[in-house]
Amino acid sequence: MTEAKERLEALTKHTYGVWRAQRGWQPLFIKDAEGVYMYDENDKRYLDFSSQLMCSNLGHKNKAIIEAIVKQAEKMSYIAPAFAQEATVNAVEALLTVIPAGLDKFFFSTSGSEANEAALKILRQYMAPNYKVISRYHSYHGTTAAGSSFTGDSRRWYAERARCTIEGVCFAPDVYCYRCPFSLNYPDCNIQCAEYVDYMIKEEGNVAAVLVEPVVGTNGRIVPPPEYLPRLRKICDENGVLLVADEVMSGWHRTGPVWAVQNWNVIPDILITAKGCTGAYTPVGLTVTTRKIADYFEEEIFVHGHTYSFHPLALSAIPPAVAEYKKLMATGLPQRVSKYLEKRLYELEDRHQCIGDARGIGHFWALEIVKNRKTKEPFNTKADKFRKVLMTDRIAAEAMKLGLYVAPWYDTLVIAPPLVITEEQIDEGIEKLDKALEIADREAVHTDTPGTRSAEAFNKAGKI
Ligand SMILES: Cc1ncc(COP(=O)(O)O)c(C=O)c1O
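A quick note: this is a predicted structure, and the numbers were derived from the prediction, not measured. (Residues numbered from 1 in each chain as written. Predicted model: local features only at pLDDT ≥ 70, side-chain atom pairs only at ≥ 80, totals over all residues. Heavy atoms only, no water.)

### Describing the sheet that holds strand β7 (residues 207-212)
Strand order in this open sheet of seven strands is β4-β10-β9-β8-β7-β5-β6, and the pairing throughout is mixed. In this open sheet, the two edge strands, each paired with only one partner strand, are β4 (103-109) and β6 (169-172). Each adjacent strand pair in this sheet contributes to an overall mean axis angle of 25°, direction not counted. Pairing of strand β8 (residues 242-246) with strand β9 (residues 270-273), which is carried by three bridges, proceeds in the parallel orientation. By the bridge assignment for β9, Asp246 is matched with Ile272. Packed onto the sheet, helix α5 (residues 112-127) meets β4, β5 (132-136), β7, β8, β9 and β10 (285-290) and runs at close to 165° relative to β9. (Pairing = 2+ DSSP bridges. Helix = DSSP H or I, 4+ residues; strand = E, 2+ residues; numbered from the N terminus. Axes fitted to C-alpha atoms, helices over the stretch in contact; angles between N-to-C directions. Contact = heavy atoms within 4.5 Å.)

Written out as C-alpha cells, the structure reads:
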C-alpha cells in the first residue's frame, strides 16, 4: 500500500465525514493552496470556483492576515472571555468601520451556527413572551439546534429525526421567482411572498422575529426583487417583530457591497455573519445587535458564552481581513470581474440546455440544472440530497477531473469564486465548466425554450 493510501485510510477510519453515510468516503487529499488554487498530492491544480464553502473570499496565503495571526499567537494565543484584551478592541474597531450604522454591539463565537444560536437567545430574551421565528424553506442557518431548526433545506429533516431541533420555528414561502410558490410572475405579483409574511405574523401570534438570508446562499443564490427586503423591513416594523439578517454567506462583498442588505438600504435588528469575516483564515462567528437591544441587556442577564468566545487568535484575523477587503475593493477588480462573470455565465446558459436559470449578483451565482427547460422538470429534488449521486454531483466530479472545484447543491452549482479572481481565471473556470456541463446536456430534453436570466430582469427593474 502506498503511504498516501494508508494515510487516507487512517483518516477515514478515525474521523467522521460530514453530511454523508461513512461508507465509501474517499476525500481528495489537498496538500497546498495558494490564491484561487488548491493542489492535491500529485500536484494537480484545481481552480476554486466556490471559495471552498463560500468563505475563502480573499484566496489562500494572504500575507497580511497570516502575519497578524502569527503575531497574536506569539503574544497571547488564548485568554478567557471574561478578560478584556487587545485583539477584541482591534476587531471591534475594524468592524465598526464596515457594520451598518445602528448595529454596534458584538458577540464573538467561532462559527455561523453559533452566531445563529446566540441570535436565538438574544431575540427570545428581548422579545419575551414572543418566541416564534419565521424562516424560509430555501435557507440554511447552521448545524446546531437553533441553526438546524431555522433551516429550510433537508438538513433540518435529518436533525428533526435525531430530535435535535427546537420548537417555535415556522416557514414562509420563498422569494423564488423561477419557481414562484404562488405561481405568479414578477413584477405583477405584488411581492406576494413578502405580503404573506405579514399574514403569517398576524395569524401565528407570538412571533418574535423574521430571519432571512438577504440573498439566499446554498439553497439557490436567490436575489430578491428590489421591493422585497424593504417591504419585509416595513412589515416587521408594523408588527413589532425583529428582522434578522443571516449574512454568514452573503456578507463580506460577496454580492458587491460589504453586506447584501446594503443592496436595498435595509438595516436589520440583528446581523449574523461568519465565514468571510476573516476570509476563513480563522473561525469566527459574529452576532451584532442594535443599541436598543444592547440596552435591554444592561439589566437582563446575557445567558450565553463559550470557552472560545472572543478567542484572541480567531479575532486577530479580523482587522487585516477588513483592511484587505478595503484594499481589494479600491482596486476595482471585484466590481469588474463580477460583471465579466455574469456575462460568461449567461453565455453558458445560452449554450447549455441543462441550465434552466443562471442567476445571481456580484460573486454569488447559481446555475440551476434542469432536465427540461420548458417544464422546468429538475434532475433531482430536495429529498434526493444525501441519498444518491445527483446530476449536480456528477457535473462537479467531472469538473474536478478537469481541474475545477465547484460546489454542488441538489439543484444548483454554486459559482462563488474568491473576490481576488481575475478575468483570465474566470475564463479558465468557464472553459472547464462548459465541458463538464455536457454530462447533463446529454440527458436533458432538448427544447426551444431559452434560459430565463431572471437576475437580468431584476437588474433592469430595480436599482441593483
Ligand atoms: C447562511 C448561513 N448561515 C449559517 C451557516 C452556518 O455556518 P457554519 O458552517 O460556520 O456553522 C451557513 C453555512 O454555510 C450559512 O450559509
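That was the structure; now back to the text.
### Looking at helix α4 (residues 86-96)
Residues Ala87, Thr88, Ala91, Ala94 and Leu95 constitute the buried set of α4. When α4 is viewed along its axis, its buried side chains cluster within an angular range of 135° and face the same direction. (Buried < 20%, exposed > 50% of the residue type's maximum accessible area, 1.4 Å probe, protein only. Arc of directions from axis to C-beta.)

### Describing helix α13 (residues 333-351)
Between its terminal C-alpha atoms α13 stretches 27 Å, which fits the 27 Å expected from 19 residues at 1.5 Å a residue. Within the sequence span of α13, burial applies to Leu333, Pro334, Val337, Ser338, Leu341, Glu342, Arg344, Leu345, Tyr346, Leu348 and Glu349. (Expected span 1.5 Å × (residues − 1).)

### Side note on the packing of helix α8 (residues 192-204) against helix α9 (residues 228-239)
Contact geometry of α8 with α9 gives a least axis separation of 9 Å together with a crossing angle of 15°. Relative to α9, the element α8 lies roughly parallel. In the crossing of α8 with α9, the sense of the turn from one axis to the other is right-handed. The segment α8 lies against α9, with Cys193, Ala194, Glu195, Val197, Asp198, Ile201 and Lys202 engaging Tyr228, Arg231, Leu232, Ile235 and Asn239. (Parallel < 35°, antiparallel > 145°, perpendicular 65-115°, else oblique. Left-handed = near helix turned anticlockwise from the far one by under 90°.)

### Observations regarding the nonpolar core
Judged by nonpolar contacts, the single largest core of 102 residues is most densely connected at Phe49, Val210, Leu367, Ile369, Ile415, Leu433 and Leu437. Broken down by element, the residue count for this core peaks at six residues, all from α13. Leu367 has contacts with Leu345, Leu348, Ile355, Asp357, Ala358, Asp411, Thr412, Leu413, Ile415, Leu433 and Leu437, leaving out every residue within four places of it along the chain. Formed by 23 residues, the second largest nonpolar core is a distinct cluster that contains Ala119, Phe150, Phe171 and Phe297. (Core = buried A, V, L, I, M, F, W, Y, C linked by side-chain atoms within 4.5 Å.)

### Considerations on unusual backbone geometry
Look at the link from Ala128 to Pro129: it is a cis peptide, with omega at 10°. Along the chain, Pro129 turns up in the loop between α5 and β5. The step from Tyr186 to Pro187 runs through a cis peptide bond, and the omega angle for that step is 10°. When you line up the elements, Pro187 lands in the loop between β6 and α8. The phi dihedral of Asp43 is positive, around 65°, even though this residue is not glycine. Mapping Asp43 onto the fold places it in the loop between β2 (37-40) and β3 (45-48). In the Ramachandran plot, Ser183 falls in the positive-phi region, its phi being about 55° despite a non-glycine side chain.

### A few points about the pattern of salt bridges
Within the structure shown, the criterion is met by 28 salt bridges. When the shortest N-O distance is used, the salt bridge between Asp104 and Arg291 registers 3.3 Å. Linking Asp104 in strand β4 with Arg291 in helix α10 (residues 291-296), this pair joins segments that are 187 residues apart in sequence. The residue Arg344 makes a salt bridge to Asp427 at a minimum N-O spacing of 2.6 Å. One end of the pair, Arg344, is in helix α13; the other, Asp427, is in helix α15 (residues 423-436), and 83 residues separate them in sequence. On the basis of relative accessible area, Arg344 is assigned to the buried category, the value being 15%. Of the residues examined, Asp427 reaches a relative accessible area of 27% and is grouped as partly exposed. Shared partners join several salt bridges into a network, and the residues in it are Arg179, Asp357, Arg359 and Glu368. (Salt bridge = Lys/Arg side-chain N within 4 Å of Asp/Glu carboxyl O.)

### Section: the side chain of Arg254
Assignment of secondary structure puts Arg254 in the loop between β8 and β9. Comment: no salt bridge for buried Arg254; closest opposite-charge side chain is Asp48, at 8.1 Å. A distance of 3.3 Å separates the side chain of Arg254 from the backbone oxygen of Ala416, its partner in a polar contact. The residues contacting Arg254, other than those within four sequence positions of it, are Ser51, Met54, Asn57, Met249, Ile361, Gly362, His363, Phe364, Ala416, Pro417, Pro418 and Leu419. (Lys, Arg positive; Asp, Glu negative; His and termini not counted. Polar contact = N/O pair within 3.5 Å; in protein donor to acceptor, adjacent residues only side chain to side chain.)

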